[in-house]
Amino acid sequence: MDYIIATHNAKKRDELYRILSPLGIKVHLDSELGIELTDVEETGTTFKENALLKAESGCRESGMPCIADDSGLTVDYLGGEPGVYSARYAGGHGNDEANIAKLLKNLEGVPDEKRGAAFVSEICCCYPDGRVIYAKGECKGRIGFESIGNGGFGYDPVFMPEDYGFTKSMAQLTAEEKDAISHRGRAIRELAGKIGEQI
Ligand code: IMP
């Protein structure tokens with residue numbers, strides 16, 4: 001079965017492609033199918049609600065099973081912020097540099113051991129017959145003191161994953177290394193298993 005992915009974030013789309021294709025799940029962007037999915041406003045208060053909003057809308061508009069992800073960063077010291085507001089933390093949508101600058105400012109003077117954080121990804125897949133599947137992935141780490149590395153996107157340059165002993169930023173990992181430990185990688189692999197059970 002073919003699936004449509006509801007995302008306008010090219011980097012996220014690449015990650016979804018990279019992980020799902022080898023598992024035999026055929027995913028397409030709306031543009032590849034000659035349609036354009038509405039950019040749904042993320043009005044939910046949780047990642048799960050927002051993923052459902054996007055997947056439901058994409059499924060309705062395309063008539064195909066639709067996969068959507070909502071993800072973000074939660075920082076312990078900031079009571080879980082920026083959370084669902086990760087993309088627009090500093091105001092405008094998706095200004096990575098401004099978001100990182102605001103985050104580092106809000107953590108000024110906070111010692112290493114109190115800079116715990118996690119990336120979270122909630123994925124939802126809606127089928128035209130009404131079935132809905134969810135999957136979740138988390139990646140624990142700490143927020144560093146400056147941006148390091150050029151890979152990935154978003155908060156990757158300041159996120160030091162626990163899996164690498166907090167010694168490297170997510171932006172210093174190769175795409176394959178990131179997929180193996182990332183919140184999205186974990187959520188997508190769980191989703192793939194659940195999709196497999198549906199067929
Ligand atoms: P979404 O597009 O509404 O899911 O917003 C996700 C936001 O969370 C992005 O714009 C990034 O700021 C942040 N984010 C999500 N996943 C990642 C990741 O893998 N690396 C870095 N930042 C991420």
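Residues numbered from 1 in each chain as written. Predicted model: local features only at pLDDT ≥ 70, side-chain atom pairs only at ≥ 80, totals over all residues. Heavy atoms only, no water.

A.B. asks: I'm lost on the pairing of strand β4 (residues 116-126) in this one. Help?
C.D. replies: Within a regular strand, side chains alternate between the sheet's two faces. Of all the eleven residues making up β4, eleven are buried; the element is thus mostly covered by neighbouring parts of the structure. Because side chains alternate across β4, one face comprises the buried residues G116, A118, V120, E122, C124 and C126, and the other comprises A117, F119, S121, I123 and C125, equally buried. Examined bridge by bridge, strand β3 (residues 66-75) and β4 share ten bridges and lie antiparallel to one another. Bridging across to β4, D70 finds its partner in E122. Bridge analysis of β4 against strand β5 (residues 132-143) gives eleven bridges, and the strand direction is antiparallel. Counted as the bridge partner of C125 is I133 from β5. (Buried < 20%, exposed > 50% of the residue type's maximum accessible area, 1.4 Å probe, protein only. Helix = DSSP H or I, 4+ residues; strand = E, 2+ residues; numbered from the N terminus. Pairing = 2+ DSSP bridges.)

A.B. asks: Any chance you could explain the packing of helix α1 (residues 10-20) against helix α5 (residues 183-198) here in plain terms?
C.D. replies: Geometry of a packed helix pair, given as the angle between the helix axes and the separation of the axes. The N-to-C vectors of α1 and α5 enclose an angle of 45°; their axes lie 10 Å apart at closest approach. The angle between the axes of α1 and α5 places the two elements in the oblique class. Handedness of the α1/α5 crossing: right-handed. Where α1 approaches α5, its residues K12, E15, L16, I19 and L20 are matched on the opposing element by R184, G185, I188, R189 and A192. (Axes fitted to C-alpha atoms, helices over the stretch in contact; angles between N-to-C directions. Parallel < 35°, antiparallel > 145°, perpendicular 65-115°, else oblique. Left-handed = near helix turned anticlockwise from the far one by under 90°. Contact = heavy atoms within 4.5 Å.)

A.B. asks: Help me understand the state of the cysteines in this model?
C.D. replies: Disulfide: a covalent bond connecting the sulfur atoms of a pair of cysteines. Following the criterion strictly, the structure yields zero disulfides and no others. For the unlinked cysteine C66, the closest cysteine sulfur is that of C59, found at 6.7 Å. Relative accessible area serves as the criterion here: at 0%, C66 is assigned to the buried category. Between C126, a free cysteine, and C124, which holds the nearest cysteine sulfur, the sulfur-to-sulfur gap is 3.9 Å. We classify C126 as buried; its relative accessible area is 4%. (Disulfide = S-S within 2.5 Å.)

A.B. asks: Help me understand unusual backbone geometry in this model?
C.D. replies: Most of the time, phi is negative for any residue but glycine, and the peptide bond is trans. Backbone torsion omega between E81 and P82 reads 0°, so that peptide bond is classified as cis. Checked against the element boundaries, P82 lands in the loop between β3 and α3 (96-106). Here the phi dihedral of F166 falls at roughly 60°; this positive angle occurs in a residue that is not glycine. With respect to the helices and strands, the residue F166 is situated in the loop between β6 (159-161) and α4 (175-181).

A.B. asks: For this particular structure, what's the right way to read the site of the ligand?
C.D. replies: Among the 15 residues in the neighbourhood of the ligand, the closest are listed as K12, E42, D156, K178 and R184. D156 is positioned with one of its side-chain polar atoms (N or O) 2.7 Å from a nitrogen atom of the ligand. One of the side-chain N or O atoms of K178 is found 2.9 Å from an oxygen atom in the ligand. Taken by itself the ligand offers 490 Å² of open surface, and the protein chains cover 95% of this. Residue assignment for the shell around the ligand shows that the elements contributing at least two residues are β3 and α5. For the shell around the ligand, the element with the most residues is β3, which contributes three residues. Among the residues making up the shell around the ligand, the classes are represented as four nonpolar, five polar and six charged. (Near = heavy atom within 4 Å. Polar contact = N/O pair within 3.5 Å; in protein donor to acceptor, adjacent residues only side chain to side chain. Areas by Shrake-Rupley, 256 points an atom, 1.4 Å probe, with all protein chains shown as cover. Nonpolar A, V, L, I, M, F, W, Y, C, P; charged D, E, K, R; others polar.)

The values are spatial; any link to function lies outside them.
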